[in-house]
Amino acid sequence: NNQANVNITNNLVVSNNSSNESNVVNVNDAGSKLTAKNIAIGNDGNSKNSMSIGSGGIAQADNIIVGNKVASQTNFVTLNGENSQLIVDQDFQLGVQGAGNLRVSDKAKLTANNIILAKEADSKGDGFVSYNGSFVANNGVSVGNNGTATLTLADNAVVKSKILTVGDNNAG
């Protein structure tokens, strides 16, 4: 069992300019935890960046953005395995102006105040929850806020939220 705890008092940005791509953050093994104020996966002009949480690992932040700017495409967040968690105190945004993909499976759990897929015009957000994975929003889930989004549930997946909005602002 390889445990590690990393606490970042400011922001964690995984790839911040057009010359960076295919960067990876892994949080694996029970007892391993990554904490940051905010996390951005694929911030500006880059793609193929990812964060993977598995085997009971935990990541926690105030806000998480995946696919922030228009040129930021094909960015991934994957949660896999029992007790693997992504805890977001405020907003989890998948595809703000760019594109993001989320996979939650095998009893892993994403918890946030708000979960927003495809926030701005022309953005894309693709969420897939399967095999007893769960998606919990203390306030609301928005699928296609202004962009194009898909949320797929399969094999005993769970989504819990006070509010579920699909195709908000006539764009999704």
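Quick caveat, the model's predicted, so the values are computed rather than measured.

Reading guide: rules and limits
- Residues numbered from 1 in each chain as written.
- Predicted model: local features only at pLDDT ≥ 70, side-chain atom pairs only at ≥ 80, totals over all residues.
- Heavy atoms only, no water.
- Pairing = 2+ DSSP bridges.
- Helix = DSSP H or I, 4+ residues; strand = E, 2+ residues; numbered from the N terminus.
- Axes fitted to C-alpha atoms, helices over the stretch in contact; angles between N-to-C directions.
- Contact = heavy atoms within 4.5 Å.
- Core = buried A, V, L, I, M, F, W, Y, C linked by side-chain atoms within 4.5 Å.
- Buried < 20%, exposed > 50% of the residue type's maximum accessible area, 1.4 Å probe, protein only.
- Salt bridge = Lys/Arg side-chain N within 4 Å of Asp/Glu carboxyl O.

This part takes up the sheet that holds strand 1 (residues 5-14). Reading across from one edge, 1-3-5-7-9-11-13 is the order of the 7 strands in this open sheet, with parallel pairing throughout. A single partner strand is all that each edge strand has here, and the edge strands are strand 1 and strand 13 (158-166). Across the sheet, the mean angle from the axis of one strand to that of its neighbour is 5 degrees, orientation sign disregarded. Summarising the sheet, strand 11 (residues 134-143) and strand 13 pair through 8 bridges and their orientation is parallel. Bridged to Ser-142 within strand 13 is Thr-165.

Right, let's get into the environment of Ala-40. Mapped onto the elements, Ala-40 comes out in strand 3 (residues 33-41). Considering only alpha carbons, one finds Ala-40 and Met-51, 11 residues apart in sequence, at a separation of 9.7 Å. Dropping the residues within four chain positions of it, Ala-40 is found in contact with Leu-12, Val-13, Val-14 and Ile-65.

Now for the sheet that holds strand 4 (residues 50-54). Spatially, the 6 strands line up as an open sheet ordered 2-4-6-8-10-12, and their pairing is parallel. Each edge of the open sheet is held by one strand with a lone partner, namely strand 2 (24-28) and strand 12 (148-153). Strand-to-strand twist of the sheet, defined as the mean angle between neighbouring strand axes without regard to direction, takes the value 5 degrees. Of the strand pairs in this sheet, strand 6 (residues 75-80) and strand 8 (residues 99-105) are connected by 6 bridges, and their pairing is parallel. The residue bridging Asn-75 from the neighbouring strand is Gly-100, located in strand 8.

The next subject is the nonpolar core. Formed by 35 residues in total, the largest nonpolar core has its most connected members in Met-51, Leu-86 and Phe-92. Beyond its immediate sequence surroundings of up to four residues, Met-51 is in contact with Val-25, Leu-34, Ile-39, Ile-41, Ile-64, Phe-76, Val-77, Thr-78 and Leu-86.

With respect to the helices and strands, the residue Ser-134 is situated in strand 11. Take Ser-134: its relative accessible area is 12%, and that puts it in the buried class. The residues touching Ser-134, leaving out its near neighbours within four places in the chain, are Val-104, Ala-108, Lys-109, Leu-110, Val-129 and Val-158.

Scanning the model with the defined rule gives 2 salt bridges in all. Close ionic contact of Asp-62 with Lys-37 constitutes a salt bridge, the shortest N to O distance being 3.3 Å. One end of the pair, Asp-62, is in strand 5 (residues 58-66); the other, Lys-37, is in strand 3, and 25 residues separate them in sequence. Here Asp-62 falls in the partly exposed class, since its relative accessible area comes to 26%. Its relative accessible area of 40% is what places Lys-37 among the partly exposed residues. Two residues, Arg-103 and Asp-126, come together in a salt bridge whose shortest N-O distance is 3.0 Å. Taken together, the residues span a long stretch of sequence, with Arg-103 in strand 8 and Asp-126 in strand 10 (residues 124-129) at a distance of 23 residues. Classification of Arg-103 by relative accessible area gives partly exposed; the value is 28%. Asp-126 gets classed as partly exposed once you look at its relative accessible area, which sits at 24%.

Any functional reading would require information beyond the geometric quantities listed.
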